[in-house]
Amino acid sequence: MSRKPLRRIVGIFLCIMLTASLTVGCGDEADSDGGKLKIGVSIWSTTSSLGKQCKEILDHTAHVLGDVELEYIEQGHVSGKVTASVQTLINDGCKGIIICNSADSEMTSVIRSCNEAGVYVAQFFRVINELESGDIYQLGTDSRYYIGAVHENEVENGEKLGNILLEKGCRRLGIVGWEQGDSTWLRRWEGYKNAVQQWNAAHGDDEAILFDPQYAGTTIEGGEKAAETFMSLYPDLDALISAGGGGDPFEGVLNAVEKAGKIKDIKVVSTDFRDDLETRLEQGSIAAESGGHYCDPLFAFFMVYNAVKGDTDYIEGNFNEINFPYLYVFSPQTYADYEKLFVKQFPYSDDEIKNMTNASFDQLKEMAEKLSIEDAKKRLGR
């Protein structure tokens, strides 16, 4: 045999081997953990009271489905970390991402990164403001890979908690925000202002004041300092609102009120249920909370999961939006009702979770938006 045919045979053999190795490499990159679908979760924290609940229901869902691997990145609502987290998750092989961002502006980078990589993304606890961020909203609407958002009516949330304080006799209210430009914070603040304005319009001889906010960031120390500032500036303060930013700022607010010996004098409300909410309600250190919304990321997950699986109902140029309902707890009895169906168990059965993989977007939306204690009682038979 001449050298030319021999070289040709060797060359063909090497090409076959190279092609095989590249194929194996792509398979390893696309699939992970035995071929499971990889979905990323960009979240402020997995250890705060709400963050922990979010992680628990997502981990449970992944276990029930059996074909999903989750990767979490904690970004603390720091803008640069929020956008960087998406690129990291893409580089790590995630086919879909759910994200709790901070400002609308971050979603420009998020959507563009996902468009370039062909990775689906949905927001939870957040939605792009169509009026204030029209260009970003249009970018999301035009994107095949931006699926949409699951969020709460935060204006209504602020109004309801504000009214609870006003009905409990509070008239001098301090409000603690977290990041000044955060879209959710701004909506909650609007709701609290609405509650006070409406109260004053109807009670001209008994007006209330909502003082300008102090900002806490997302730390315990920040919450404590903001509360101390309010108590120093306004000795007759009778209410403190911890408007969010995870559980840590609220922890700081509670610490400051307790250290000042003003548990009986200052009523405190917040959003995001704490693990010790029942005890706090009984002792009076918390007047009310809104929460029970840790299923938000569950529905964002299924929007992305179903899109990755090829359900075109989720990706036909829509801006899919789910408005998730808050639950309100303002006494030991209202907490007992909540605890039974949302703390001691998840409000959805394993079979219901499996059925979400075959749900249309409208079916998923309907299921999410009717969630309540009464709804859970009917479905779960308890």
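Above: the structure in question.
A short tour of the structure in this document, coming up. Remember, predicted model here, so these are calculated numbers, not experimental data. (Residues numbered from 1 in each chain as written. Predicted model: local features only at pLDDT ≥ 70, side-chain atom pairs only at ≥ 80, totals over all residues. Heavy atoms only, no water.)

Together, D313, E316, D362 and E366 line one region of the surface with negative charge. In this fold, E366 is placed in helix 14 (residues 361-369). (Patch = residues over 30% accessible without salt bridge, like charges linked within 9 Å, V, L, I, M, F, W, Y side chains within 5 Å. Areas by Shrake-Rupley, 256 points an atom, 1.4 Å probe, with all protein chains shown as cover. Salt bridge = Lys/Arg side-chain N within 4 Å of Asp/Glu carboxyl O. Lys, Arg positive; Asp, Glu negative; His and termini not counted. Charge placed at Lys NZ, Arg CZ, Asp CG, Glu CD. Helix = DSSP H or I, 4+ residues; strand = E, 2+ residues; numbered from the N terminus.)

In terms of nonpolar packing, the biggest core is built from 76 residues, with L240, F299 and F301 touching the most fellow members. Tallying contributions element by element places helix 11 (residues 296-308) first for this core, with nine residues. Apart from the residues within four sequence positions on either side, L240 is in contact with G174, V176, A227, F230, V253, V257, I266, K267, V268 and V269. Counting 24 residues, the second-largest nonpolar core is a separate cluster that includes C170, W185, W189 and A239. (Core = buried A, V, L, I, M, F, W, Y, C linked by side-chain atoms within 4.5 Å. Buried < 20%, exposed > 50% of the residue type's maximum accessible area, 1.4 Å probe, protein only. Contact = heavy atoms within 4.5 Å.)

With that out of the way, let us pick up the packing of aromatic side chains. For any two aromatic rings, the description comes down to two numbers: the centre-to-centre distance and the angle of the planes. The full count for this structure, using the stated rule, is 20 aromatic pairs. Residues W185 and Y215 carry aromatic rings whose centres are separated by 5.7 Å and whose planes lie at 80° to one another, so their mutual orientation is edge-to-face. Residue W185 is located in helix 7 (residues 183-202), and its partner Y215 is located in strand 8 (residues 214-215); the two are separated by 30 residues in the primary sequence. Aromatic ring contacts, followed pair by pair, group W178, W185, W189 and Y215 into a single cluster. Taking NZ or CZ as reference, K193 lies 4.1 Å from the ring centre of W189, over its face. The side chain of R274 reaches across the aromatic face of F250, ending 5.7 Å from its centre. (Phe/Tyr/Trp six-rings, centres within 6.5 Å; stacked < 30°, edge-to-face > 60°. Lys NZ or Arg CZ within 6 Å of the ring centre and 35° of its normal.)

Spatial ordering of the open sheet is given by 2-1-3-4-5-12, a layout of six strands whose pairing is parallel. A strand with exactly one partner marks an edge of an open sheet, and here the two such strands are strand 2 (68-74) and strand 12 (320-324). Neighbouring strand axes in the sheet, compared pairwise and without regard to direction, differ in orientation by 15° on average. The pairing of strand 4 (residues 120-124) with strand 5 (residues 146-152) spans four bridges and is classified as parallel. Looking across to strand 5, one finds that F124 is bridged to V150. Packing of helix 2 (residues 49-65) onto the sheet brings it into contact with strand 1 (37-43), strand 2 and strand 3 (96-99), and relative to strand 2 it is tilted by some 165°. (Pairing = 2+ DSSP bridges. Axes fitted to C-alpha atoms, helices over the stretch in contact; angles between N-to-C directions.)

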